[in-house]
Amino acid sequence: MLAAAAYAGPALAAFPEQPIRIIVPFAPGGGTDLVARTISVGMSKDLGQPVIVENKPGAGTMIGEDFVAKSKPDGYTLVISTFAHAVNPTLQPSLPYGSNKAFAPVMLIARGPNVLVVRAGSPFKTIGDLIAYAKAHPGKLTYASQGTGTSAHLAGALFADLLKTKMTHVPYRGAGPAMADLMGGQVDMMFATAEAAGPLVNSGKFRALGVTTTTPSPAFKGVPPVSDSVPGFAVESWYGMYAPAGTPAAVIDRLNAAARKAVQEPVFTQMIKREGLAASPGTPQDLAKYVQAQEQRWGHVVKEDHIKPE
């Protein structure tokens, strides 16, 4: 035992000694990808090693998360988890990694609104237009998401529930493909994450009809909260960093410190200001507590709506 402890001390003190991978469980081009690639810049600077982003999309984030859960718990393989991380334990009949206990929380990176968007040429000019159409044509209105169980999906489900009507969910393998089809007119609307939709709104390719927080977002001036038209509606996207369960506490602390510094770097602060996010640097325990509350809230919606994985 003494020999093992003597060996572990210098090994942990030397961390990191090689490049670190951040797994994004979505296709390139979406909000999670943007957050991962931006925070990787500051973390690499602080840790003195390359921080490489890899995309492993599919199965409602479970492919990427399973890869990390089953990786060696040494701090060299991380994942940026999102809304789906809190929903999958209720949504999925079984998880390949067992449960969220397969992960060790590192830090809640950022939180922010989703944005209800339509393509620039859409006939829907306001939330009122959408509501009128949805009620008059149950099931006809289509809404895209970056996957079953994501914030875009459950935002749409909650929207339809509160309107007491039906809409048709169209899931994609990532926000990039979803927004491409929205732009092309294959789907009618999307509750996209603010950072993914922002550039397309600013460039005039999308029209923003509402934000999903109960107060206006400074990133979308003049865009009202959806809750102004649909009382009780509120959805928040979030991004959290995890390592595999069993990662030494000293390594988690080192990663947490690097992530805290990274969200204060100009490249990150400029991104979150532009995209309407708020940085949430805190302890690993803060992330655990936040996600537990999210699991309880959205687990109720999944059960009540009888939502099943694709």
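See the structure shown above.
Residues numbered from 1 in each chain as written. Predicted model: local features only at pLDDT ≥ 70, side-chain atom pairs only at ≥ 80, totals over all residues. Heavy atoms only, no water.

Visitor: Residue-level account of the overall build of the protein chain, with values.
Guide: Within the protein chain, the secondary structure is distributed over eleven helices and ten strands. The burial tally for the protein chain puts 55% of its 310 residues in the buried class. Across the protein chain, every contact between residues at least 6 apart in sequence was considered, and the portion connecting residues at least 24 apart equals 79%. For the protein chain, the accessible surface area stands at approximately 12900 Å², while carbon and sulfur atoms represent 56% of it. For the protein chain, the separation between the mean place of its 27 positive charges and that of its 22 negative charges on side chains is 3 Å. (Helix = DSSP H or I, 4+ residues; strand = E, 2+ residues; numbered from the N terminus. Buried < 20%, exposed > 50% of the residue type's maximum accessible area, 1.4 Å probe, protein only. Contact = heavy atoms within 4.5 Å. Areas by Shrake-Rupley, 256 points an atom, 1.4 Å probe, with all protein chains shown as cover. Lys, Arg positive; Asp, Glu negative; His and termini not counted. Charge placed at Lys NZ, Arg CZ, Asp CG, Glu CD.)

Visitor: Give me the lowdown on the packing of helix α2 (residues 31–47) against helix α10 (residues 266–275), citing residues and values where you can.
Guide: Between α2 and α10, the shortest axis-to-axis distance is 8 Å and the interhelical angle comes to 155°. Between α2 and α10, the angle is such that the two are roughly antiparallel. Here Leu34, Val35, Thr38, Ile39 and Val41 of α2 lie close against α10, whose contacting residues are Val267, Phe268, Met271 and Glu275. Partitioned by chemical class, the residues of the contact of α2 with α10 number seven nonpolar, one polar and one charged. (Axes fitted to C-alpha atoms, helices over the stretch in contact; angles between N-to-C directions. Parallel < 35°, antiparallel > 145°, perpendicular 65-115°, else oblique. Nonpolar A, V, L, I, M, F, W, Y, C, P; charged D, E, K, R; others polar.)

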